[in-house]
Amino acid sequence: QVQLVESGGGLVQSGGSLRLSCAASGFTFSSYFMRWYRQAPGKERELVAAITSAGGITSYTDSVKGRFTISRDNAKNTVYLQMNSLKPDDTAVYYCNVVKGFNYWGQGTQVTVSS
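Throughout this description, residue numbers start from 1 for each chain and increase along the sequence as written. Two thresholds apply to this predicted model, a pLDDT of at least 70 for residue-level local features and 80 or more for giving and counting side-chain atom pairs, whereas whole-chain, interface and lining totals are computed over all residues. Only heavy atoms go into the side-chain values, all of them from the structure, while hydrogens and water stay out.

A.B. asks: Before we move on, could you go through the pattern of salt bridges and cite the residues and values that matter?
C.D. replies: Between side chains of opposite charge, pairing is possible as soon as their charged atoms come close. What counts as a salt bridge is simple: a side-chain nitrogen of Lys or Arg found within 4 Å of a carboxyl oxygen of Asp or Glu. Taken as a whole, this structure holds 4 salt bridges when the rule is applied. The residue Arg38 makes a salt bridge to Asp90 at a minimum N-O spacing of 2.9 Å. In this pair, Arg38 is assigned in strand 4 (residues 34-39) and Asp90 in the loop between strand 8 (78-83) and strand 9 (92-100), connecting sequence segments 52 residues apart. One salt bridge in this structure joins Lys65 and Asp62, with 3.0 Å as the shortest N-O distance. Classification of residues uses two cut-offs on accessible area relative to the type maximum, computed with a 1.4 Å probe and protein chains only: under 20% is buried, over 50% is exposed, and between them is partly exposed. Here Lys65 falls in the partly exposed class, since its relative accessible area comes to 48%. Linked through salt bridges whose partners overlap, the residues forming this network are Arg38, Glu46, Arg67 and Asp90. For the purposes of this entry, the term helix denotes a DSSP run of H or I that reaches at least four residues, the term strand denotes a run of E that reaches at least two, and both are numbered from the N terminus.

Take a look at the structure:
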């Protein structure tokens, strides 16, 4: 079955960096777009970044453009989110996502940015 396991979250000061990873299994990873979402307390889950199956095209929500980079390693079945110049507004639980008939989610990883 589809499994997505996020890691790499933590507590960081404003202006710092983190790199999130999402290890995928149970499907042909290289055939699917992958996405990162986040959900802050009291807010709806929002799409942060997406990447095509071969990694050639990426897209970002406006608030993270120029600071976050999504990438993938199809040999390792892993998608990454490099987050630089972090701000307190980036504090959220970050989720990896794939749509394979249904929406599949990982368990999430907490990112907390202190001011």
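A.B. asks: Residue-level account of the state of the cysteines, with values.
C.D. replies: Disulfides are defined as pairs of cysteine sulfur atoms found within 2.5 Å of each other. Using the criterion set out here, one finds 1 disulfide in the structure. Across the disulfide, Cys22 is cross-linked to Cys96 (sulfur-sulfur distance 2.2 Å). Negative torsions about the S-S bond denote left-handed disulfides, and the value of about -80° found for Cys22 with Cys96 makes this one left-handed. Placement of Cys22 in strand 3 (residues 18-25) and of Cys96 in strand 9 is noted, with a sequence separation of 74 residues between them. Comparing Cys22 with Cys96, the two get one shared label, buried.

A.B. asks: How would you explain the packing of aromatic side chains if you had to name every residue and give the values?
C.D. replies: Only rings of Phe, Tyr and Trp enter the pairing, Trp through its six-membered ring, and a pair is recorded when the two centres are within 6.5 Å. The plane angle decides the type: under 30 degrees is stacked, over 60 is edge-to-face, the rest tilted. Overall, the coordinates contain 4 aromatic pairs when judged by the stated rule. Considering the side-chain rings of Phe27 and Tyr32, the 5.6 Å spacing of their centres and the 80° angle between planes classify their relative orientation as edge-to-face. Tyr32 sits in the partly exposed class, given a relative accessible area of 24%. Three or more aromatic residues joined by ring pairs form one cluster here, namely Phe27, Phe29 and Tyr32. One residue, Arg19, lies across the ring of Tyr80, its end atom 4.0 Å from the ring centre. Remark: a charge is flagged as sitting over a ring if the NZ atom of Lys or the CZ atom of Arg is within 6 Å of the ring centre and within 35 degrees of the ring normal.

A.B. asks: Go over the sheet that holds strand 1 (residues 3-7), please, and point to the residues and values.
C.D. replies: The pairing criterion for strands is at least two bridges between them, as found by DSSP. The strand order across the open sheet built from 4 strands is 1-3-8-7, with neighbouring strands paired in antiparallel fashion. The sheet is open, and its two borders are formed by strand 1 and strand 7 (68-73), each paired with just one other strand. Looking at each pair of strands side by side, their axes are set apart by 15° on average, direction ignored. An axis is simply a line fitted to the C-alpha atoms; with a helix, the fit covers only the stretch in contact. Between two such axes, the angle follows the N-to-C directions and lies from 0 to 180 degrees.

A.B. asks: Break down the pairing of strand 1 for me, citing the residues and quoting the values.
C.D. replies: Here strand 1 shows a clear split, with Leu4 and Glu6 buried on one side and none of Gln3, Val5 and Ser7 buried on the other. Note that strand 1 and strand 3 share 5 bridges and pair antiparallel. The residue bridging Val5 from the neighbouring strand is Ala23, located in strand 3.

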